[in-house]
Amino acid sequence: MKKKAAAQGGSKGGGGFGSAVEEMTPAQAKAELKFLAAEIAQHDKLYYTDTPRISDAEYDALRQRNEAIEKRFPELKRKDSPSDRVGAAPAERFGKVTHSVPMLSLGNAFDDEDVKEFVERIRRFLSLKDDDAIEFNAEPKIDGLSITLRYENGKFVRGATRGDGSEGEDVTANLRTIEDIPQYLKGKFPEVIDVRGEVYMTHDAFAALNKSREAEGESLFANPRNAAAGSLRQLDSRITAKRRLHCFAYAWGEASSPPAKTQNEFIGKLRSWGFNVNREIEVCKGVEALVAYHKKIGEKRQKLGYDIDGVVYKVNRIDWQERLGFVSRAPRWAIAHKYAAEQAQTLLKEIQISVGRTGVMTPFAVLEPVFVGGVTVGMATLHNEDDIRRKDIRAGDTVIVQRAGDVIPQVVGPVLNKPRGKAEFVMPKRCPDCGSLAVRESGEAAWRCTGGLICPTQAVQRLVHFCSRDAFDIEGMGEKRVAEFWNEGLVRSPVDIFKLGRHKAKLAEREGWGEISVDNLLRAIEARRTLAFARFIYALGIPQVGQTTASWIARHYQTLDQWRAAMRTAVKERAKHPDERKKPDVIGEAYADLCNIQGIGMTMADDIVGFFAEAHNNQILDELDKELILQAPEAPSRSSPISGKTVVFTGSLVQMTRDEAKARAEAMGAKVASSVSKKTDLVIVGADAGSKAKKAGELGVKTIDEDEWIKLSAG
Ligand code: IVH
């Protein structure tokens, strides 16, 4: 019911709108239809090209209200009526694809009554008898992005987004990186078929992505759907490939011959062709079975591991689907039965700021703890200053809290008819931890603390990163321990870690610490005095420089001395051309050389150069250089049999770790990819290998076993 109530609230801000449709005058109706057309078009655009500003429920409410007014005043229906359009017009950057069969949308049912009406409508339309139970294929409604995949003679030739329903964007290269999407169909299939489905991101992949974005000082995605959309719309498909996207196939568009007689049979076909199909799909007969299915999936929703926003019921018989056809933007033979996003109201006690490693200041809400979506929520992210302003969230407000995507708690907005907090939120102009000035660079959503090394929070986070698994990998130096050492003055700078041995007595006195723990820690530290140069670079925590870039830098410069010498020159070059934004060559040779490294563009190059421009960073490098032995990466050998080739490891290796094998392959000049595609040259198959080995077989990619790999990599 909540969503129906929102239908009235949905058009607030439109200047006196929101009166009951039955009581409207034609003039009012005309004005509101105009407003709704513009409003819905704007939200469509935001939905596809940016972060949506309203919830799906609010959006649905706007469309419903538009439809209700049009129904009462059919003569006032606009040429640009939202009910004739689906989704946003495609963005300009990808090639356009016209869908030979349009990609339409679904009508919504918000309660059991709506489902009953839907089934009755079908019964009437097909003039079935009252006791004829209609069979439906019931499917989860995946909250992702719909896509269409064209197969010609079983070969994947083109993939596109939905766009405005008639024309989408050509994202073939990006879709090819998704393992769930077969490059070739198996078995028997129509000569030409457009398979339709949903690209989505799992909760786990979403959490990991946001975690690493946070670590790199990048802005966070609000929910898995946005993350999936952002990942699929990358111009560089290497980025998409890293994003762990998935796809469920569930429908077809154009087909040269009818692929099935029922929707359920078609799902079986999709599976046999090699697609990933949802395992919760079931055939249900009659309204009661549908409602029971909705309830059952609703109870499982938290545990599915990906977001759904409802279930979809589709008339199972394809001949009936054809007879039923479409009304404006949606089929008569299918409906989405939505779930209410789990929301609760609570008091927002205060707005605090958390500071990350790179100084990004993220506001968050401290809440009166409230139970929502299966967990007690005491804190919720507020993303950034603009988001808070737009929603006008204030300390002291009663707010609506929602578990968006059932993962991160979010503040939807204040409850306007409850007493409001007095003061509008103002982003502090100083860092709450160190008092340094905060700055917001133009074009960025985030404020950053400029305190750098003197900011304790940044310092602790940087040290934690320095010791983390992919950096120095020092066991026993997690966040809690590092913060304690920092407070006690034992570790203030990375080099102090390597001098901890001098404080052995003091360490042993710490509560709960005996000599053994001290020895263990010191041993873990000693073991890392010799370290791969690439790990060292990653450990420095230069904004944007992740593991992959770090290893390219290491390969390029080979030693710390050579890297520093080049960067000294690059700093001077950049200082002479501070305003150049496009051409690295104009700036200078050392700078351009840095930009030539794989994965490094000018914004990242500027962060790297910026790091070397700071005296304190150079001091840290001097100090560390005295304590450490850095191992140069093996120079890529031109004569290696896998030089320039793309290799994939799958299954478990017995004689060396996956990391080591990867490093060796890279040292031999190969590119190590995580999934098998037509572009793969070689797959190294370890024990218990699964789908990747199979795929290699299907694509005719050469495979070798571990023994052969050992021989190859040794020789
Ligand atoms: S069938 C003509 N099945 O929901 C009907 N859609 O609101 C075609 N969606 O654009 C859609 N899961 O992006 C269908 N199992 C499912 C779905 C599904 C998610 C999405 C899809 C579609 C939107 C309609």
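In this text, all values refer to a predicted model and were calculated from it rather than measured experimentally.

## Quick word on a positive patch on the surface
Move 1: Together, Lys 155, Lys 671, Lys 678 and Lys 679 make up a positively charged patch on the protein surface.
Move 2: In this structure, Lys 155 sits in strand 5 (residues 155-161).

## A short note on the sheet that holds strand 7 (residues 192-200)
Move 1: Read across the open sheet, the four strands follow the order 5-4-7-8; overall the sheet is antiparallel. Whereas interior strands pair on both sides, the edge strands pair on one side only; in this sheet they are strand 5 and strand 8 (246-255). In this sheet, adjacent strand axes meet at a mean angle of 30° when their direction is disregarded.
Move 2: Across seven bridges, the pairing between strand 7 and strand 8 is antiparallel. Paired with Arg 196 across the strands is Ala 251, a residue of strand 8.
Move 3: Strands strand 4 (145-152), strand 5 and strand 7 of the sheet are contacted by helix 7 (residues 224-232), whose axis makes an angle of about 40° with strand 4.

## Comments concerning empty space enclosed by the protein
Move 1: Per the stated rule, a full pass over the model turns up two cavities of 30 Å³ or more.
Move 2: If you add up the space inside the second largest cavity, you get close to 30 Å³.
Move 3: Around the second largest cavity sit Glu 139, Pro 140, Ile 142, Phe 248, Ala 249, Tyr 250, Asn 278 and Ile 281, which together line it.
Move 4: Across the lining of the second largest cavity, the residue classes break down as six nonpolar, one polar and one charged.

## Overview of helix 24 (residues 615-627)
Move 1: In this model, helix 24 (13 residues) spans 19 Å end to end at C-alpha, consistent with the 18 Å of a helix rising 1.5 Å per residue.
Move 2: Restricting attention to buried positions, one finds in helix 24 the residues Asn 617, Asn 618, Ile 620, Leu 621 and Leu 624. All buried residues of helix 24 fall inside an arc of 155° around its axis, so they share one side. Those residues of helix 24 that are exposed and aimed more than 90 degrees away from the buried face are Ala 615 and Lys 626.
Move 3: Those residues of helix 24 hidden inside the fold are in contact with helix 13 (456-467), helix 15 (494-497), helix 18 (533-539), helix 20 (560-576) and helix 23 (602-613).

## Quick word on the packing of aromatic side chains
Move 1: Taken as a whole and judged by the stated rule, the model has 17 aromatic pairs.
Move 2: The interplanar angle of 65° and the centroid separation of 6.4 Å between the aromatic rings of Phe 472 and Phe 536 together place this pair among those described as edge-to-face. Of this pair, Phe 472 sits in the loop between helix 13 and helix 14 (479-487) while Phe 536 sits in helix 18, and the two are 64 residues apart along the sequence. In this structure, Phe 472 and Phe 536 share a single accessibility class: buried.
Move 3: Judged by centre distance (5.1 Å) and plane angle (80°), the ring pair of Phe 649 and Trp 709 falls under edge-to-face. Taken together, the residues span a long stretch of sequence, with Phe 649 in strand 23 (residues 646-650) and Trp 709 in helix 27 (residues 706-714) at a distance of 60 residues.
Move 4: For Phe 649, a relative accessible area of 4% translates into the label buried.

## Quick notes on the pairing of strand 5
Move 1: As defined by bridge partners, strand 4 adjoins strand 5 across six bridges and the pair is classed as antiparallel. Looking across to strand 5, one finds that Ile 147 is bridged to Thr 161.

## Some details on helix 10 (residues 286-300)
Move 1: For helix 10, built from 15 residues, the straight-helix expectation of 21 Å at 1.5 Å per residue is met to within 8% by its first-to-last C-alpha distance of 22 Å.
Move 2: Among all positions in helix 10, only Gly 286, Leu 290, Tyr 293, His 294 and Ile 297 are buried. Taken down its axis, helix 10 places every buried residue within 130° of arc, on the same side. Exposed residues lying more than 90 degrees from the buried face of helix 10 are Glu 288, Lys 295 and Glu 299.
Move 3: At its buried positions, helix 10 is contacted by helix 4 (112-125), strand 3 (135-142), strand 9 (282-285), strand 10 (308-315) and strand 13 (334-338).

What counts and how
For every chain, the first residue of its written sequence is number 1, and the numbers climb from 1 along that sequence. For this predicted model, a pLDDT threshold of at least 70 governs which residues receive local features, and a threshold of 80 or more governs which side-chain atom pairs are given and counted, while totals over whole chains, interfaces and linings are taken from all residues. To obtain the side-chain values, all non-hydrogen atoms of the structure were used and water was disregarded. Each patch is built from residues that are more than 30% exposed by relative accessible area and take part in no salt bridge. Like charges join if they lie within 9 Å; nonpolar side chains (Val, Leu, Ile, Met, Phe, Trp, Tyr) join within 5 Å. Here the Shrake-Rupley method, with its probe set to 1.4 Å, supplies the accessible areas, and only the displayed protein chains count as covering residues. In what follows, salt bridge is the name for a side-chain nitrogen of Lys or Arg lying within 4 Å of a carboxyl oxygen of Asp or Glu. For the purpose of counting charges, residues Lys and Arg are taken to be positive, whereas Asp and Glu are taken to be negative. His and the chain ends are not included. To locate a charge, take NZ of a lysine, CZ of an arginine, CG of an aspartate or CD of a glutamate. Helix and strand assignments come from DSSP, with helices taken as H or I runs of at least 4 residues and strands as E runs of at least 2, each series counted from the N terminus. DSSP calls a pair of strands paired once it identifies at least 2 bridges connecting them. Fitted lines through C-alpha atoms serve as axes, helices being fitted only where they are in contact, and the angles separating the N-to-C directions of these axes extend from 0 to 180 degrees. Note on definitions: a residue-residue contact is assigned when non-hydrogen atoms from the two residues lie within 4.5 Å. Cavity and pocket criteria rest on a 1 Å grid covering protein atoms alone: a 1.4 Å probe that fits but cannot get out defines a cavity, protein on both sides within 12 Å along at least 5 of 7 lines defines an open pocket, and an atom within 4 Å of a point defines a lining residue. Grid points are joined across faces, edges and corners, and a volume is the space filled by probe spheres set on the points. Each residue is assigned to one class: nonpolar for Ala, Val, Leu, Ile, Met, Phe, Trp, Tyr, Cys and Pro, charged for Asp, Glu, Lys and Arg, and polar for all the others, Gly among them. Multiplying 1.5 Å by the helix residue count minus one yields the expected span of that helix. Buried residues are those whose accessible area, probed at 1.4 Å on protein chains only, stays under 20% of the maximum for their type, while exposed residues exceed 50% and partly exposed ones sit between those limits. Directions from the helix axis toward the C-beta atoms define the arc. In this analysis, rings of Phe, Tyr and Trp, with Trp reduced to its six-membered ring, are considered paired at centre separations within 6.5 Å, and the interplanar angle assigns stacked below 30 degrees, edge-to-face beyond 60, and tilted for intermediate values.

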